[in-house]
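These are the residues of each chain, in order.
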Amino acid sequence: MRSVRKVSTGALVRRLAALAAAVAVASMSVLLAGATPARADEPAPPPLNGLIDPGLLESVQQSIVGIVVIWEEPQDPFAFAPEPPAPGAEQPVMTICTGWFDSPTTIVTAGHCVDPEEGRRALDNRAGPAVDPTTGIPSASQPVRPEPNRTVWAFQPRELQGAVITAPVIVRVDSFRPADEGDTARLEMYGLPPAKPLPIAPGEPHLGETVTSIGFPGLNIDETDGVDIEGLMSGGKTPAEVLQDSRLQPVNTSGTITARQFRQGVAVYQINADLAEGISGGPTINSRGEVLGINSQMTVPFLGQNFNVITDTGMLRDFLGQGGAPAAAAQGEPSQVAIENTAAGSGQAAPWTVVIALIGGAIIGAILMWLFARPTRTASSEPAAAERE
C-alpha cells in the first residue's frame, strides 16, 4: 500500500502565509500602477488662463487641414452651342480656408468657405457687373446668375508632422450654415487612414481666457518656399497640389476672449488674436487643446483694433450633434480627449506601466511563496513514519 505523508500544521500555515503574501504584492503593484496619473512626472492639465504647452500645440497641428475651394460657372448640358465666356471669366475662382478634424473621417470649417452664395459673389466680383451698352454704366437690374459649381479640396503640407492626407483629396460638403446663421460646415472624406480629432470644449469660455487661433493665412503663401507658381499657372498642378508640395505650415496667434456679441441674433465671441484671410475655418482653442469656436470673420475698421470673431461654443456642439456639455466633464474641467491629447503631447504611455507592474508582482509573489513554503531542516527532526494497513 502507498504511504501517506502527514503535513504538519506549521507547513500548512507557512503555505497559506506565502499565498497571502503573493496576493498582497500583486494587489499593491496594480494599485501603484493605477495611481501613475498622479505622479509628479505627469503634469496635470494646464489652467484655462495659462498659455498652451508647446508639445500640446504641436500635437494639435496634426489635426489642421488646408481647404481649397474652386468656383466655376456652370455649363448648360443641353446647350447646342454655348456662348463664349466673357473676358476674364475663363479661369475659375479659388478661395483658401482652413479646417480641422472633429472625427477620424470628418472635417469642420467655416460655412462661408463653402457657401454657394459666397462663390457666386466671388465670380461676379471678378467678371464685374452687367453694363448697359447704351450708357456704359452698370445696369440697374443685374441678371440672376445660377449657382456656381463647387469643388472642395483638402490637403496637409508634406512637412506637417503626423499628417494623414498625403495627397490632396476632394471632400464632400455634408452640411453647412451660412455666415449669418452660425458660419459652420462639415466635410466628409473617404479612403484615408483615421485622423486625430480635436475635442470640443465642454463649457463656454470665460472673459479674459487665453486662446490660440490656428490656420493657413493666405497672405504669406506666395512667399513660402516650395510654392510652384509656374506649375499652377501652366495648369500642370492643381492649387491643392501646389500647396501640398510646399513648405507651408499652420500659423498660431494668441489672444484672449474679449466679449460675447450677437450678430443678427447669432451669438459669437470676440477675440483679440490676429486673424487673416485663409485662417477662416480654423479652430480657436484653449490652453487644454479644446476647440472653443471656428475662426469666422475679420473686420478691419478704418481706426482701432480689428474686430475678430469666432463661432459660439454651444452652437458648434449643437451643429456637430454633440448637444450640451458632456456629463462627465463639468464646467472648467478638461474633456477626456483633451486629457489624452495632453498625455500624447508629453510622450507618456501609461498602459504599459500596468503590464509591467502585473509581471513584477507575479515574480515577487512567486519568490516569496517559494521562500515561505520550502521545508526547513533541524537537528531534532523526527524520522518519517508510515502507516501500513
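Structure: above.
Source: prediction; values computed, not measured.

J.: What's the story with the sheet that holds strand β6 (residues 172-177) in this structure? I'm lost.
T.: Pairing between the strands of a sheet is mediated by backbone hydrogen bonds and can be parallel or antiparallel. Spatially, β5-β4-β1-β2-β3-β7-β6 is the arrangement adopted by the seven strands of the open sheet, whose pairing is antiparallel. The strands lining the two open edges of the sheet, one partner per strand, are β5 (169-170) and β6. Looking at chain direction, strand β1 (residues 64-72) and strand β2 (residues 93-103) are connected through eight bridges and run antiparallel. Looking at the pairing, Gly-66 lines up with Thr-98 of β2.

J.: Can you walk me through the side chain of Asp-183 in this structure?
T.: Mapped onto the secondary structure, Asp-183 falls in the loop between β6 and β7 (184-188). Despite its burial, Asp-183 pairs with no opposite charge, the nearest such side chain being Arg-263 at 5.5 Å. A distance of 3.0 Å separates the side chain of Asp-183 from the backbone nitrogen of Gly-111, its partner in a polar contact. Setting aside its immediate chain neighbours within four residues, Asp-183 contacts Thr-109, Ala-110, Gly-111, His-112, Arg-177, Pro-178, Ile-294, Ser-296 and Thr-311.

J.: Can you walk me through helix α2 (residues 54-61) in this structure?
T.: Looking at α2, one finds that the buried residues are Leu-56, Leu-57, Ser-59, Val-60 and Gln-61. If you check the start of α2, you find a side-chain oxygen 3.0 Å away from the backbone N of Gly-55, and it comes from Asp-53.

J.: Honestly, a negative patch on the surface in this entry has me stumped. Any pointers?
T.: A cluster of acidic residues, Glu-117, Glu-147, Asp-180 and Glu-181, forms a negative patch at the surface. Mapped onto the elements, Asp-180 comes out in the loop between β6 and β7. On the basis of relative accessibility, which here comes to 42%, the residue Asp-180 falls in the partly exposed class.

J.: What should I look at first to understand the packing of aromatic side chains in this one?
T.: Working definition: an aromatic ring pair is given by the centre-to-centre distance plus the angle between the planes. Scanning all chains against the criterion turns up one aromatic pair. Where Phe-155 meets Phe-216, the ring centres are 5.9 Å apart and the plane angle is 40°; that geometry is what we call tilted. In this pair, Phe-155 sits in strand β4 (residues 149-155) while Phe-216 sits in the loop between β8 (210-215) and α4 (229-234), placing the two residues 61 residues apart along the sequence.

J.: Sorry, what's going on with the pairing of β6 here?
T.: Across five bridges, the pairing between β6 and β7 is antiparallel. Within β7, the position partnered with Arg-172 by the bridge is Glu-188. The turn linking β6 back onto β7 is made up of six residues, and Gly-182 within it adopts a positive phi angle of 135°.

J.: Honestly, unusual backbone geometry in this entry has me stumped. Any pointers?
T.: Trans peptide bonds make up the majority, and among non-glycine residues the majority have a negative phi. At Asp-183, a residue that is not glycine, the phi angle is positive and equals roughly 55°. Taking the relative accessible area as the measure of exposure, Asp-183 reaches 1% and is therefore buried. One non-glycine residue, Gln-264, adopts positive backbone phi at about 55°. Here Gln-264 shows up in the loop between β9 (251-263) and β10 (266-271).

What counts and what doesn't
Residues numbered from 1 in each chain as written. Predicted model: local features only at pLDDT ≥ 70, side-chain atom pairs only at ≥ 80, totals over all residues. Heavy atoms only, no water. Pairing = 2+ DSSP bridges. Helix = DSSP H or I, 4+ residues; strand = E, 2+ residues; numbered from the N terminus. Buried < 20%, exposed > 50% of the residue type's maximum accessible area, 1.4 Å probe, protein only. Lys, Arg positive; Asp, Glu negative; His and termini not counted. Salt bridge = Lys/Arg side-chain N within 4 Å of Asp/Glu carboxyl O. Polar contact = N/O pair within 3.5 Å; in protein donor to acceptor, adjacent residues only side chain to side chain. Contact = heavy atoms within 4.5 Å. Patch = residues over 30% accessible without salt bridge, like charges linked within 9 Å, V, L, I, M, F, W, Y side chains within 5 Å. Areas by Shrake-Rupley, 256 points an atom, 1.4 Å probe, with all protein chains shown as cover. Charge placed at Lys NZ, Arg CZ, Asp CG, Glu CD. Phe/Tyr/Trp six-rings, centres within 6.5 Å; stacked < 30°, edge-to-face > 60°.

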